[in-house]
Amino acid sequence: MPALRPLTLGQHQVWPPVVLAPMAGITNIGFRRLCREQGGGIYVCEMITTRALVERNPKTLRMIAFGDDEKPRSLQLYGTDPEITAAAVRIVVERNLADHIDLNFGCPVPKVTRRGGGAALPWRRRLFARLVRAAVAAASPAGVPVTVKMRKGIDDDHLTYVEAGLAAQEAGVAAVALHGRTASQRYSGTADWDAIATLKQALDVPVLGNGDIWEADDALRMVAHTGVDGVVIGRGCLGRPWLFADLEAAFNGRPERRLPTLGEVAVTMRRHAELLVDQFTAGARNPARGERDGCTDFRKHVAWYLKGFPVGGELRRSLAMIESLAQLDDLLGKLDPAEPFPMAALGQPRGRTNSPGKVFLPEGWLASRDDDTVPEGAEMDDSGG
């Protein structure tokens, strides 16, 4: 049974109850617009680090960009210091940079966890609670809802998700999202939907489920299995922005699902590249440089769009080296537009897949759960992940 109510985030009602997860180098303004053209939901920009925002880092400030029709504007912050996080949230509020703030406690990459950030931070429960309270306190006077996104814990021996969820609820968050994997799992194995169900039972605030939603029907299965109030979509939409059209149909009880031909995929690819060129050209002194940068940014998406289609290696390589829209048009014209969608690709993982691995942590990190000292050097000055 799909969720029957819109997702409530403060004053915002989100339907369908679908969230695009922030992904480094992916969820820029161009990609978010492409996804929003497919269906409704809330679309989160790339992760912004609190220190970079407080220090007015030029690259970071450029990343905080939203379309005029993008409502609500959703921004994810990464931080480890409650005071710096509060200062960053105040900047967001005072400058009206976003309508919703999400806090990142789910990142499993070593450069983050070895500093005590991301998925490692909830283990230090007092620091976690301080940080969330500081963010909520800074955002609440302006009515900006704060949510948190986290993983189950560091590994199976160091689970934190229920305790952290309760602490976040007590701090006043609007919702909690759980990726049903530990940091040590990274993106391997199968997401634990039972853990998501456990968290839903434990909390009164809305709970969002994340992990292994490759098709719209996976989202319906997750809702039925866990009772969550909404779903978070990450890797499943890579090279498949029409997934959001399927999700909107699914949550509205409609059976249609998109299975685009290669020609229809080519049209979507062209639209994606065009939006990226528009993004990089806006405000640029040299439009030609903007077009080249936009096309360069598009290259990473080519393999995802063509996954499963019988397209030769030489053509794939050429598409992944484009420098202009004219070049892209010429190459897309060489695809067989009648080629049907590869059914074998349905339900298959996309994007990053890797093996479980050791979680790198600061020395002595596991020794005391109640130490609320901010980890030395944990703040990062570069945004995007």
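Within every chain, residues take consecutive numbers counted from 1 along the sequence as written. Two thresholds apply to this predicted model, a pLDDT of at least 70 for residue-level local features and 80 or more for giving and counting side-chain atom pairs, whereas whole-chain, interface and lining totals are computed over all residues. Only heavy atoms go into the side-chain values, all of them from the structure, while hydrogens and water stay out.

Put simply, the rule reads: UniProt positions are given in the numbering used here, feature names are shortened, and annotations may be inferred rather than shown by experiment.
Per an unreviewed UniProt entry, the protein goes by the name tRNA-dihydrouridine synthase and belongs to Micromonospora noduli. Quoted straight from UniProt, the Cofactor (unreviewed entry) entry for the protein says "FMN". UniProt annotates the protein under Sequence similarities (unreviewed entry) with the comment "Belongs to the dus family."

## Some remarks on the overall build of the protein
Our working rule: Numbered from the N terminus, helices here are DSSP runs of H or I no shorter than four residues, and strands are runs of E no shorter than two. The globule rule used for comparison is 2.2 Å times the number of residues to the exponent 0.38, while the radius of gyration itself is calculated over C-alpha atoms. Residue exposure (1.4 Å probe, protein chains only): buried if accessible area is under 20% of the type maximum, exposed if over 50%, otherwise partly exposed. Working rule for contacts: check all heavy atoms of both residues, and any pair within 4.5 Å makes them a contact. Residue exposure ignores everything except the shown protein chains as possible cover, and the areas themselves are Shrake-Rupley values with a 1.4 Å probe. By the counting scheme adopted, Arg and Lys are positive, Glu and Asp are negative, and His together with the chain ends is not counted. By convention, the charge on Lys lies at NZ, on Arg at CZ, on Asp at CG and on Glu at CD.
From N to C terminus, the protein includes 15 helices and 11 strands. Whereas a compact globule of 385 residues would reach a radius of gyration of roughly 21 Å, the protein reaches 20 Å, a difference of no more than 12%. Taken over 385 residues, the protein has a buried fraction of 57%. Of the contacts formed within the protein by residues at least 6 apart in sequence, a portion of 74% connects residues at least 24 apart. Here the protein displays about 15800 Å² of accessible surface, and carbon together with sulfur accounts for 49% of that area. Measuring between centres, the 47 positive side-chain charges of the protein sit 2 Å from its 47 negative side-chain charges.

## Some points on the pairing of strand E10 (residues 207-210)
Every other side chain in a regular strand lies on the same face of the sheet, so the side chains alternate between the two faces. Heads up, the rule is: Any two strands with at least two DSSP bridges between them are considered paired. The handedness rule is simple: strands pointing away from the viewer, and a clockwise path from the first strand over the helix to the second, make the crossover right-handed.
Residues Val207 and Gly209 point to one face of E10 and Leu208 and Asn210 to the other, with burial holding for every one of them. Of the strand pairs in this sheet, strand E9 (residues 175-179) and E10 are connected by four bridges, and their pairing is parallel. Each residue of the ladder has a partner; that of valine 176, found in E10, is valine 207. On the question of chirality, the crossover connecting E9 to the parallel E10 by way of helix H8 (residues 193-202) is right-handed. Here three bridges tie E10 to strand E11 (residues 230-233), and the two strands are oriented parallel to one another. Pairing of glycine 209 across the sheet is with valine 231, part of E11. Remark: the E10/helix H9 (residues 216-226)/E11 crossover connection has right-handed handedness.

## Concerning the UniProt feature "binding site: FMN" (unreviewed entry) in the protein
According to UniProt, the "binding site: FMN" (unreviewed entry) feature falls on Pro22, Met23, Ala24, Gln76, Lys149, His179, Gly234 and Arg235. Overall, methionine 23 belongs to the buried group, its relative accessible area being 10%. Those residues in contact with methionine 23 that lie beyond four places of it in its chain are Glu46, Gly234, Arg235, Cys237 and Leu238. Take histidine 179: it is sitting in strand E9. For histidine 179, the contacting residues outside a window of four places in its chain are Lys149, Met150, Arg151, Lys152, Tyr187, Asn210 and Gly211.

## Details of helix H1 (residues 29-36)
Residues of H1 that are buried include every one of Gly30, Phe31, Arg32, Leu34 and Cys35, and no others. Looking at the buried positions of H1, the neighbouring elements they touch are strand E3 (18-20), strand E4 (42-43), helix H10 (243-251), helix H11 (262-281) and helix H13 (302-305).

## Describing the side chain of arginine 350
Filter applied, for reference: Any Lys or Arg side-chain nitrogen found within 4 Å of a carboxyl oxygen on Asp or Glu counts as a salt bridge. Whenever a nitrogen or oxygen atom comes within 3.5 Å of another N or O atom, the pair is scored as a polar contact, on the condition that within protein one atom can donate a hydrogen and the other can accept it, and that pairs from neighbouring residues in sequence are kept only if both atoms are in side chains.
Structurally, the position occupied by arginine 350 is in the segment after helix H15 (325-332). Although buried, arginine 350 forms no salt bridge, and the nearest oppositely charged side chain, glutamate 215, lies 6.6 Å from it. Separated by 2.7 Å, the side chain of arginine 350 and the backbone oxygen of leucine 238 make a polar contact. A polar contact is formed between the side chain of arginine 350 and the backbone oxygen of tryptophan 304, at a distance of 2.5 Å. Beyond its immediate stretch of four places on either side in the chain, arginine 350 contacts Trp214, Arg235, Gly236, Leu238, Gly239, Arg240, Trp304 and Lys307.

## Regarding the packing of aromatic side chains
Any aromatic ring pair is given by two values, namely how distant the centres are and how the planes are angled relative to each other. Heads up, the condition is: Any Phe, Tyr or Trp ring, taking Trp's six-membered ring, that has another such ring centre within 6.5 Å forms a pair; planes under 30 degrees apart are called stacked, those over 60 apart edge-to-face, and the others tilted. A ring is considered to have a charge above it if a Lys NZ or an Arg CZ atom is located within 6 Å of its centre and within 35 degrees of its normal.
Within this structure, the stated rule accounts for six aromatic pairs. Ring geometry for tyrosine 43 against phenylalanine 244: centres 5.2 Å apart, planes inclined by 65 degrees, an arrangement best described as edge-to-face. Placement of the pair is tyrosine 43 in strand E4 and phenylalanine 244 in helix H10, with a sequence separation of 201 residues. Across the pair, phenylalanine 244 and tyrosine 43 agree in class, each one buried. Taking 5.9 Å as the distance between ring centres and 90 degrees as the angle between the ring planes, the aromatic pair formed by phenylalanine 309 and phenylalanine 341 counts as edge-to-face. Taken as a pair, phenylalanine 309 in the loop between H13 and helix H14 (313-319) and phenylalanine 341 in the segment after H15 lie far apart in primary sequence, 32 residues in all. Just as phenylalanine 309 is buried, phenylalanine 341 falls in that class too. Pairwise contacts between aromatic rings join Trp242, Phe309 and Phe341 into one cluster. Here arginine 124 stacks its cationic end above the ring of tryptophan 365, 4.2 Å away from the centre of that ring. A cation over a ring is seen here: arginine 369 above tryptophan 123, with NZ or CZ 4.2 Å from the ring centre.

## Regarding the pairing of E9
Among the five residues of E9, five are classified as buried, and the element is accordingly described as predominantly covered. Every second residue of E9 is oriented toward a common face, with Ala175, Ala177 and His179 on one face and Val176 and Leu178 on the other, all of them buried. Sheet topology places strand E8 (residues 146-151) next to E9; five bridges connect them, and they run parallel. Within the sheet, the bridge partner assigned to lysine 149 lies in E9 and is alanine 177.

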